[in-house]
Amino acid sequence: MFPRTAWQTVVLPLVLVGVVLAMLHWGLRERLGTQPEIVREELPFPYEEDFTAGVVPESYYRLSGNWEVRDASLVQLSTTGFDLSAMIPVLAAPQQPYLYETRLRFLGGNPGGGIAFNVQNPNTRQRSHMARFNQDAGQLWLIYGYFGDDNSFQGQGATALEIDPTTRDWQTLAVLVDENTYSLYVNGIAVAQDIPQEYSGGGVGLVTAAGQVAFDDLRAEFWSGQGGASLLAGESTLPLIWQDRLDAETDASLWVPISGEWAFSGEGLRQSMPEGFDHLMIRQDEIPLPARLSVVLRHPGPAGGGLMFNVPDLDGKNGGHMLRFVEGGSALAWGYFSPEGDFVGQGSASVPPPGVARQRLSVDITAAGYAVYLNDQRLVRGVPLMSERGYVALTTSESAAVFEEVALFELAPDLVTQAAALDISTISGRWVSEGGVTRQLDDDPVDYIAGTGILAESFSLEMQVEMDAEGAPEDVGAGLVFHMQGRSDPLNGAMVRFDNGGQEVFWGVYSATGTFQGVGSAALPYGPGQVLTLGVQVGQDRYAITVNDVLIAEDIPLETTRGWLGLVSFRGPTRFSNVVLTLGDPQP
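Every chain is numbered on its own, with residues counted from 1 as its sequence reads. Per-residue local features of the predicted model are confined to residues with pLDDT of at least 70, and side-chain atom pairs are confined, for both listing and counting, to 80 or more; whole-chain, interface and lining totals are unaffected and use all residues. Hydrogens and waters are ignored; side-chain quantities use all the structure's heavy atoms.

## Concerning the overall build of the protein chain
Here is step 1 of the chain: For the protein chain, the helix and strand inventory stands at two helices and 45 strands.
Here is step 2 of the chain: The buried share among the 588 residues of the protein chain stands at 51%.
Here is step 3 of the chain: Note on definitions: a residue-residue contact is assigned when non-hydrogen atoms from the two residues lie within 4.5 Å. When contacts within the protein chain are restricted to residue pairs at least 6 apart in sequence, those whose partners lie at least 24 apart make up 64%.
Here is step 4 of the chain: Accessible surface area values rest on a Shrake-Rupley calculation with a 1.4 Å probe, where residue burial reflects the displayed protein chains alone. Accessible area of the protein chain: about 26,200 Å², with a carbon and sulfur share of 50%. Secondary structure elements are taken from DSSP: a helix is a run of H or I of four residues or more, a strand is a run of E of two residues or more, and numbering for both begins at the N terminus. Each residue is assigned to one of three classes by its accessible area relative to the maximum for its type, calculated with a 1.4 Å probe on protein chains only: buried under 20%, partly exposed between the two thresholds, exposed over 50%.

Laid out in structure tokens, this is it:
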């Protein structure tokens, strides 16, 4: 007789199997069944997105990569794969000129972020244009071209950039699309122009290549195709004093031509005589200081246009300050004219030749000095002001130019730069700047110096200095050198720096032959690895030193009255950060 099988051994397993099958069926139906369709609407021009909502907009087509919104920016997280894309259905008609720009920042992996534009179908990168950063042999490039019908990339060019490939600072990448060509801008400077379009009209997008990249502040807008877009016109948050759009409607009675052939028209104020130097057009309102002066101009030929400010009289250039393109546009120079009319240079900087692209020249003017900007990128600050009052003027030399706009803005009375990202120019050593931190890495027992691009007389400066305990020699030191003979020449400069990892601070001066001559020193109760705050207050003929807000020395005589500022590092590694610079006589 067979034994009776208990119901638990037969029925219960069958019931459990049924439950499992039901759950699997439900799960598969949820996964494989009909899903709610994502509604992707065409986004209208003008289009802006700052990602403060904290989510990826539903209208975006995330074709490849891992896209998330973090810290109010859109981040692509994958470090593998090339040309990972997110397309945005902001659609321009064929031959419709438009501007598209975004800020981007490299987070990890390869610095390979960029933009897509003239995207014919947001479901694919085929038939679209692309421009993105690329690193090769330690050099950062901008490469550009298009993906053809077969999805293969066809390069149209590449431009080497003066940007550190390891930087984590924000960069602005923009494209101006004309009827049949496009031009590319990095941080407001034209790096490639008049490139033929393979495809016209369509959407825009974002791309990365083997790297994590953050994107923010997207903007797309139509423009007229003449006179450029607001990319270079500049939108200042400063209070506006006055603004002249220099066209046929301008009140010409405000302007006095001194020399050259000047005429107002629909394209702007044109100076059409390419022969001769210092052609001038002066505006009859004196500048109320402190102020920011901005001029937008372009060149149909060789670049030699610029601006003047604090011109003392309405009858000529004598005594006024000038900023303009020189050497055919490969450099900007600034300085002033003596009372006799001789130009005295105060500095210059190499710049990408502007070509026919619009350029924005700006100066911040205060009683303490002036700062120079090209396309909103600062070239120098703290330049001594020789003329304390006067008028605005436009100028050209050996060049024709079209001036489109002049604007004057209010500035705060004090010219202060906080947490400055210093404009480092290496004199000796191995210097790296990123994210507001400057480091010197070489460890031989010598003074390494880097210029900062700041020319100053009287000022107060504070900065945090760290001399690494881990792996650093015991006698490592770091500090400031000021009143240098040149931006890249420390001769005659005064130096204040820490020694022995922060256990001492000393000061002195470099002689005319480059030999350091000590003047004084003081022991400190600190050691390696601590973050110390070094303060230097420089007056007209004396200076003082503080460490962590404690007065160390005062009334130290100065041998020079002005010069360039630099950082100094004895051995390394050392770090400099949180720079606060105030130009002008220190407050008592």
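## Some thoughts on the pairing of strand S12 (residues 181-186)
Here is step 1 of the chain: Of all six residues in S12, five are buried, a share of seventy percent or more.
Here is step 2 of the chain: Of the pairings in the sheet, the one linking strand S11 (residues 171-177) to S12 comprises five bridges and is antiparallel in character. Counted as the bridge partner of Leu173 is Val186 from S12.
Here is step 3 of the chain: Paired strands are those between which DSSP finds at least two bridges. Between S11 and S12, which pair antiparallel one after the other, the connecting turn spans three residues.
Here is step 4 of the chain: Note that S12 and strand S13 (residues 189-196) share five bridges and pair antiparallel. Among the inter-strand pairings, Thr181 is bridged to a residue of S13, identified as Pro196.

## A closer look at the packing of aromatic side chains
Here is step 1 of the chain: Stacked, edge-to-face and tilted labels apply to pairs of Phe, Tyr and Trp rings (six-membered ring for Trp) whose centres lie within 6.5 Å, assigned for plane angles under 30 degrees, over 60, and everything in between, in that order. For the structure shown, the criterion picks out 14 aromatic pairs.
Here is step 2 of the chain: Between the aromatic rings of Phe106 and Phe133, the centroid separation amounts to 5.6 Å while the plane-to-plane angle is 85°, which identifies the pairing as edge-to-face. Here Phe133 lies in strand S8 (residues 128-136) and Phe106 lies in strand S6 (residues 98-109), a separation of 27 residues in the sequence.
Here is step 3 of the chain: Given a relative accessible area of 3%, Phe106 falls into the buried group.
Here is step 4 of the chain: Classification of Phe133 as buried rests on a relative accessible area of 0%.
Here is step 5 of the chain: Centroid distance Tyr146 to Tyr199: 6.0 Å. Interplanar angle 85°. Geometry classified as edge-to-face. Taken together, the residues Tyr146 in strand S9 (residues 139-147) and Tyr199 in the loop between S13 and strand S14 (202-208) connect sequence positions 53 residues apart.

## Quick look at the pattern of salt bridges
Here is step 1 of the chain: What counts as a salt bridge is simple: a side-chain nitrogen of Lys or Arg found within 4 Å of a carboxyl oxygen of Asp or Glu. Per the stated rule, a full pass over the model turns up 19 salt bridges.
Here is step 2 of the chain: Salt-bridge contacts for Glu101 lead to Arg219; the nearest nitrogen and oxygen are separated by 2.4 Å. Here Glu101 is found in strand S6, whereas its partner Arg219 is found in strand S15 (residues 211-222), with 118 residues between them in sequence. The exposure classification of Glu101 matches that of Arg219, with both residues buried.

## What about the sheet that holds strand S24 (residues 331-337)?
Here is step 1 of the chain: Across the sheet, seven strands lie side by side as S17-S20-S29-S22-S23-S24-S25; this open sheet has antiparallel pairing. At either margin of the open sheet sits one strand with a lone partner, and together these are strand S17 (255-259) and strand S25 (343-350). Going from strand to strand, the sheet's axes swing by 20° on average, the running direction of each strand aside.
Here is step 2 of the chain: As judged from the four bridges shared by strand S22 (residues 305-311) and strand S23 (residues 321-326), these two strands associate in the antiparallel manner. From the neighbouring strand, Phe309 faces S23, where its bridge partner is His321. Axis lines are fitted through C-alpha atoms, for helices just across the contact stretch, and the angle between N-to-C directions can take any value from 0 to 180 degrees.

## Some thoughts on the sheet that holds S14
Here is step 1 of the chain: Pairing within the open sheet is antiparallel, and its seven strands lie in the order S2-S5-S14-S7-S8-S9-S10. Only two strands of the sheet have a single neighbouring strand rather than two, namely strand S2 (61-62) and strand S10 (153-160).
Here is step 2 of the chain: The pairing of S2 with strand S5 (residues 84-92) spans two bridges and is antiparallel. Each bridged residue has a counterpart across the sheet, and for Tyr61 the counterpart in S5 is Met87.

## With respect to the confidence of the model for the protein chain
Here is step 1 of the chain: Considering every residue of the protein chain, the mean pLDDT works out to 84; 86% of them sit at 70 or more.
Here is step 2 of the chain: The pLDDT score gives, residue by residue, the confidence of the prediction method on a 0 to 100 scale. This stretch, residues 225-235, has a pLDDT under 50; its non-local contacts, to residues over four places away or in other chains, come to 33 contacts.
Here is step 3 of the chain: In the model, residues 414-421 has pLDDT below 50 throughout and makes 21 contacts with residues more than four positions away in sequence or in other chains.

## A few points about the environment of Phe309
Here is step 1 of the chain: Structurally, Phe309 can be placed in strand S22.
Here is step 2 of the chain: Taking the C-alpha atoms as reference points, Phe309 and Val392, separated by 83 residues in sequence, lie 4.6 Å from one another.
Here is step 3 of the chain: Beyond its immediate sequence surroundings of up to four residues, Phe309 is in contact with Ile287, Leu293, Gly320, His321, Val363, Ile365, Tyr370, Leu385 and Tyr391.

## Remarks on the nonpolar core
Here is step 1 of the chain: Phe309, Leu332, Trp334, Leu394, Phe403 and Val406 are the most contacted members of the largest nonpolar core, which has 45 residues in total.
Here is step 2 of the chain: Here, nonpolar core means buried Ala, Val, Leu, Ile, Met, Phe, Trp, Tyr and Cys residues that are tied together by side-chain atoms lying within 4.5 Å of each other. Counting residues in hydrophobic clusters, the runner-up holds 41 residues, among them Tyr47, Ala86, Leu184 and Ile195.

## Some points on the pairing of S24
Here is step 1 of the chain: For S24, the tally of buried residues reaches seven of seven residues, placing the bulk of the element in the interior.
Here is step 2 of the chain: Bridge count between S23 and S24: six bridges; the pairing is antiparallel. Bridge pairing links Phe325 to Leu332 in S24.
Here is step 3 of the chain: Taking the residues that link successive antiparallel strands as the turn, the S23-S24 hairpin has four residues, and the phi of Glu327 there is positive, at about 55°.
Here is step 4 of the chain: Bridge count between S24 and S25: seven bridges; the pairing is antiparallel. Paired with Ala333 across the strands is Ser348, a residue of S25.
Here is step 5 of the chain: Hairpin remark: S24 followed by S25, antiparallel, with five residues in the connecting loop; positive phi at Gly341, about 95°.

## Quick word on the environment of Gln193
Here is step 1 of the chain: Among the secondary structure elements, Gln193 is positioned in strand S13.
Here is step 2 of the chain: In this structure the C-alpha to C-alpha distance between Gln193 and Ala357, which are 164 residues apart in sequence, comes to 8.0 Å.
Here is step 3 of the chain: Discounting chain neighbours no more than four positions away, the residues touching Gln193 are Tyr182, Ser183, Pro354, Gly355, Val356 and Ala357.

## As for the side chain of Ser294
Here is step 1 of the chain: Following the sequence through the fold, Ser294 ends up in strand S21 (residues 291-298).
Here is step 2 of the chain: Side chain to side chain, Ser294 and Arg360 meet in a polar contact 2.9 Å long.
Here is step 3 of the chain: The contacts of Ser294, once residues within four sequence positions are left out, are Arg360, Leu361, Ser362, Glu405, Val406, Ala407 and Phe409. Any pair of N or O atoms that falls within 3.5 Å is considered a polar contact. Within protein, one atom must be able to donate a hydrogen and the other to accept it, and sequence-neighbouring residues count only if both atoms are side-chain atoms.

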